[in-house]
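Descriptive analysis of the structure
Listed below are the residues making up each chain.
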Amino acid sequence: MNQAHKSVILVTGASTGIGNLSARTLAAAGHIVYASMRDVEGRNAPRAKELHDYAAENGFSIKALELDVLSQESADRAVQVIVKEQGVLDVVMHNAGHLVVGVTEAFSPEEMAKVYDTNVLGTQRVNRAALPYMRAQESGLLLWISSTTVRGGFPPFLGPYVAAKAAMDSLAQTMAYEVAPFGIETSFVVPGAFTKGTSHFPNATPPADGETSAAYARINGLLDEVGDRLSALTPDDADPQAVADEVARIVSLPAGQRPVRSVIDFVGDGAAEVTELSEKLRIEFLERIGLGGLLEAAVTVD
């Protein structure tokens with residue numbers, strides 16, 4: 001793929017937030033975008049219409065696509081539609097996810113499993129649907145929306161979410177080694193905290209166990225304080241559009257020149273510094289065990 005090439009792109013979780021912004025930005029860059037979401041003909045029908053109208057008004061290519069990451073059958077159908085219509089799938093952008101907020105003890109194991117199911121197993125279902133086609137064509141890009149919570153500082157009340165994000169990130173890094181010999185690249189875009197411009201926090205789910213939550217009354221006020229302090233630290237120009245712009249930039253780069261990780265953090269939680277060191281040490285270790293040539297993707301951290 002090069003800058004002149006129209007990539008066929010699947011974006012998961014494209015109904016709102018970073019996924020929605022990325023779908024629009026990628027389409028504006030000339031790519032063919034399948035903006036996937038749940039219940040396209042039901043509760044998300046207005047959002048699907050907004051995307052279709054935006055594309056029609058501007059001459060862009062966006063199609064809202066039914067895809068529930070909790071269903072392998074749904075993921076398989078979605079990818080089959082793309083390949084049937086386009087004959088190729090160049091990029092999978094793993095963005096779908098759900099935030100939960102509350103004291104960790106209050107979440108039941110079943111609630112935590114649901115977070116893991118969406119944020120981790122959902123990506124596995126999509127990969128199992130998409131990778132057979134990418135391996136056959138011996139090209140492609142897996143683009144993962146990670147989080148600075150994986151390597152940076154983060155406040156309390158995010159336990160199940162940050163654990164799932166870390167699991168997704170580790171799974172993706174391991175998979176990167178395995179798919180690289182098939183010409184499939186891996187890039188991570190790593191957003192920091194955004195206190196406006198997405199529905200991530202407004203749509204966050206609290207634990208059902210109100211009694212245990214109440215037992216933490218002495219610290220529960222910290223949640224609002226942390227939010228206020230994050231807002232105070234966030235510059236006025238901090239906009240999640242910056243994440244979408246970086247996604248589009250990476251997709252448009254020629255194969256072999258894409259960064260492994262790009263951190264978009266307006267607050268400065270340390271993730272960029274930790275990432276720079278960890279990437280250096282990771283490459284050194286691969287070389288020590290004889291796998292230095294396994295990944296041809298760029299190792300520069302933007």
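The paragraphs below set out a description of the structure included in this document. (Residues numbered from 1 in each chain as written. Predicted model: local features only at pLDDT ≥ 70, side-chain atom pairs only at ≥ 80, totals over all residues. Heavy atoms only, no water.)

To continue, consider unusual backbone geometry. Located in the positive-phi region is D39, a residue other than glycine, with phi close to 55°. Take D39: it is sitting in the loop between β2 (32–37) and α2 (45–58). (Helix = DSSP H or I, 4+ residues; strand = E, 2+ residues; numbered from the N terminus.)

Bringing the side chain of R125 into the picture now. Along the polypeptide, R125 turns up in helix α4 (residues 109–137). Within the local environment of R125, its side chain forms a polar contact with the backbone oxygen of V69, the two atoms lying 2.9 Å apart. Beyond its immediate chain neighbours, meaning those up to four positions away, R125 contacts V69, L70, S71, Q72, A75 and D117. (Polar contact = N/O pair within 3.5 Å; in protein donor to acceptor, adjacent residues only side chain to side chain. Contact = heavy atoms within 4.5 Å.)

A separate point is a nonpolar patch on the surface. Side chains of F285, I289 and L291 sit close together on the surface and give an oily, nonpolar patch of about 270 Å² of accessible area. With respect to the helices and strands, L291 occurs in the segment after α9 (271–288). (Patch = residues over 30% accessible without salt bridge, like charges linked within 9 Å, V, L, I, M, F, W, Y side chains within 5 Å. Areas by Shrake-Rupley, 256 points an atom, 1.4 Å probe, with all protein chains shown as cover. Salt bridge = Lys/Arg side-chain N within 4 Å of Asp/Glu carboxyl O.)

Pairing is possible between side chains of opposite charge, provided their charged atoms come close. For the structure on display, the rule yields eleven salt bridges. E85 is the salt-bridge partner of K63, the closest N and O atoms lying 2.6 Å from each other. Pair noted here: K63 is in strand β3 (residues 61–66) and E85 is in helix α3 (residues 72–86), with a separation of 22 residues, a long-range link. Accessibility expressed as a relative area gives 32% for K63, which makes it partly exposed. Residue classification places E85 among the partly exposed residues on the basis of a relative accessible area of 40%. Residue D117 pairs with R125 through a salt bridge whose shortest N-O separation is 2.7 Å. The network of salt bridges with common partners includes R151, D169, R261, E279 and R282. (Buried < 20%, exposed > 50% of the residue type's maximum accessible area, 1.4 Å probe, protein only.)

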